[in-house]
Amino acid sequence: MASSKLLRFVIITLIVAICIWSCAVTADAADLPVFREAPAFRNGNHCPKSTYPLIDSSTIHIAMTLDVTYLRGSIAAVYSVLRHASCPENIVLHFLSSHRRSDLRRTVASTFPNLSFHLYHFDASRVDNKISSSVRRALDQPLNYARIYLADLLPPTVTRIIYLDSDLILVDDVAKLWSIDLKGRVLGAPEYCHANFTHYFTQKFWSNPSFARSLSDRKPCYFNTGVMVIDLWRWRAGRYTEKLETWMRIQKKCRIYELGSLPPFLLVFAGNVEPIEHRWNQHGLGGDNLEGLCRDLHPGPVSLLHWSGKGKPWLRLDSKRPCPLDSLWMPYDLFRQQSLFEDR
């Protein structure tokens, strides 16, 4: 009798434990967006065969960060890249993530079953003591600084990379961006030399002769770090990660800028950037960093639309207060609204 009671108790305890575990797993997965499976995009007959993707010259390498907050934007960005690519099977995605890599890996794999991709762990502690607060909390997240460490995180066989933010879409063939000649420079990006460069740094920076002198031997122009073509071989050889970290440490002590991870890039590279056509970064569509008001496109052709700034298209669409240009992002949104009665 006693043994049967003990057995019943053990069975009930196991059932309760399994239920608790199952509920925890379900709850953990529930806060991840669910996406429709993207169509399979195939190479045309003209595309070269990519036998060894990490070392093959015909492979296009693209890096992006991946997290829960911006996952919907990242999925849309990847979809736009594949949809407009002339050789989509020759594209390899390199994702950087700090948390929930297993969940994020499953989401990417289920949404893009034919995509060749790698997911790398970015240790947020690398920048914990180097980040200072900025004008917007999203700019202070450690993953926002992961682009600085691409050369360390990616295999040495990857010698060139396109870095893309998660709040953009391409409407042109990424192969055109990949093929741009950097002419011996480390980094290429659209430049905006009409922008007032002094606004990106505090008075403490400009009043310090040694700081201001760091820009005196070049003509620095603003560029947005959400779209960059990077020669990782030259980056590694020139130890550019260390140069960026030096300015981050100075910032912690002296408060020489207010805008997240952008100013260190400007201090290290501005004036030495290979200019790329503006069509490859129609940025600022998310408005400014405070209000995120609607904006128009810059004059000229468009190959890439970038919702940099506070306003993100998926948030504005969900709130029923979209900006006119957010409709251009909608066709790439694979987010699947789920009913209360739908099985996952």
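About the cut-offs
Residues numbered from 1 in each chain as written. Predicted model: local features only at pLDDT ≥ 70, side-chain atom pairs only at ≥ 80, totals over all residues. Heavy atoms only, no water. UniProt positions renumbered as here; feature names shortened; annotations may be inferred. Disulfide = S-S within 2.5 Å. Helix = DSSP H or I, 4+ residues; strand = E, 2+ residues; numbered from the N terminus. Buried < 20%, exposed > 50% of the residue type's maximum accessible area, 1.4 Å probe, protein only. Arc of directions from axis to C-beta. Pairing = 2+ DSSP bridges. Contact = heavy atoms within 4.5 Å. Axes fitted to C-alpha atoms, helices over the stretch in contact; angles between N-to-C directions. Salt bridge = Lys/Arg side-chain N within 4 Å of Asp/Glu carboxyl O.

- If you check an unreviewed UniProt entry, the protein chain appears there as Hexosyltransferase from Kalanchoe fedtschenkoi.
- Taken verbatim from the UniProt record of the protein chain, the Sequence similarities (unreviewed entry) comment is "Belongs to the glycosyltransferase 8 family."
- In its Subcellular location (unreviewed entry) section, the UniProt entry covering the protein chain states "Endomembrane system".

**Quick notes on the state of the cysteines**
Then, number 1: Counted according to the given criterion, the structure contains three disulfides.
Then, number 2: With a sulfur-sulfur separation of 1.9 Å, Cys-193 is cross-linked through a disulfide to Cys-221. The sign of the S-S torsion, about 100 degrees, decides the handedness of the disulfide formed by Cys-193 and Cys-221: right-handed. Of this pair, Cys-193 sits in the loop between strand S7 (191-192) and helix H6 (203-206) while Cys-221 sits in the loop between helix H7 (209-213) and strand S8 (222-223), and the two are 28 residues apart along the sequence.
Then, number 3: There is a disulfide in this structure between Cys-294 and Cys-323, and the S-S distance comes to 1.9 Å. Judged by the sign of its S-S torsion, about -85 degrees, the bond between Cys-294 and Cys-323 is left-handed. With Cys-294 in the loop between strand S10 (274-275) and strand S11 (304-306) and Cys-323 in the segment after helix H11 (313-318), this pair connects stretches of sequence that are 29 residues apart.
Then, number 4: Look at Cys-294 and you get partly exposed, because its relative accessible area is 45%.
Then, number 5: By relative accessible area, which is 7% here, Cys-323 ends up buried.

**Remarks on unusual backbone geometry**
Then, number 1: Positive phi, close to 55 degrees, is recorded for Arg-100, a residue that is not glycine.
Then, number 2: Within the secondary structure, Arg-100 is located in the loop between strand S2 (91-97) and helix H3 (101-111).
Then, number 3: Overall, Arg-100 belongs to the partly exposed group, its relative accessible area being 23%.
Then, number 4: Unusually for a residue other than glycine, Arg-255 sits at a positive phi of about 55 degrees.
Then, number 5: With respect to the element layout, Arg-255 can be found in the loop between helix H9 (240-254) and helix H10 (262-269).
Then, number 6: Classification of Arg-255 by relative accessible area gives partly exposed; the value is 27%.

**Describing H3**
Then, number 1: Of the residues making up H3, those classed as buried are Asp-103, Leu-104, Thr-107, Val-108 and Thr-111. Taken down its axis, H3 places every buried residue within 130 degrees of arc, on the same side.

**Some details on the sheet that holds strand S4 (residues 160-164)**
Then, number 1: The mixed open sheet is built from seven strands, whose spatial order is S3-S2-S1-S4-S9-S6-S10. Where the open sheet ends on each side, the last strands, each with one partner, are strand S3 (116-121) and S10.
Then, number 2: Bridge count between S2 and S3: six bridges; the pairing is parallel. In the sheet register, Val-92 faces S3, and the bridge partner there is Ser-116.
Then, number 3: Contacts from helix H2 (residues 71-84) reach strand S1 (60-65), S2 and S4, with the element oriented near 165 degrees to S1.
Then, number 4: Each of S2 and S3 touches H3; the most contacted strand, S3, lies at about 165 degrees to it.

**Focus on the environment of Pro-48**
Then, number 1: In this structure, Pro-48 sits in the loop between helix H1 (2-30) and S1.
Then, number 2: Among the residues examined, Pro-48 registers a relative accessible area of 41% and is labelled partly exposed.
Then, number 3: Between the C-alpha atom of Pro-48 and that of Cys-87, which follows or precedes it by 39 residues, the distance is 8.4 Å.
Then, number 4: When residues no more than four places from it in sequence are discounted, the contact partners of Pro-48 are Asn-43, Ser-58, Cys-87 and Asn-90.

**Here's the deal with the pattern of salt bridges**
Then, number 1: On inspection of all chains with the given rule, the structure shows 19 salt bridges.
Then, number 2: As a salt-bridge pair, Arg-72 and Asp-318 come within 2.7 Å of each other at their nearest N and O atoms. Placement of Arg-72 in helix H2 and of Asp-318 in helix H11 is noted, with a sequence separation of 246 residues between them.
Then, number 3: By relative accessible area, Arg-72 is classed as buried at 9%.

**A few points about the environment of Pro-142**
Then, number 1: Residue placement: Pro-142 occurs in the loop between S3 and helix H4 (150-153).
Then, number 2: For the pair Pro-142 and Arg-126, spaced 16 residues apart in sequence, the C-alpha separation works out to 8.5 Å.
Then, number 3: If we ignore the near neighbours within four places in the chain, the residues touching Pro-142 are Phe-122, Ala-124, Val-127, Asp-128 and Ile-131.

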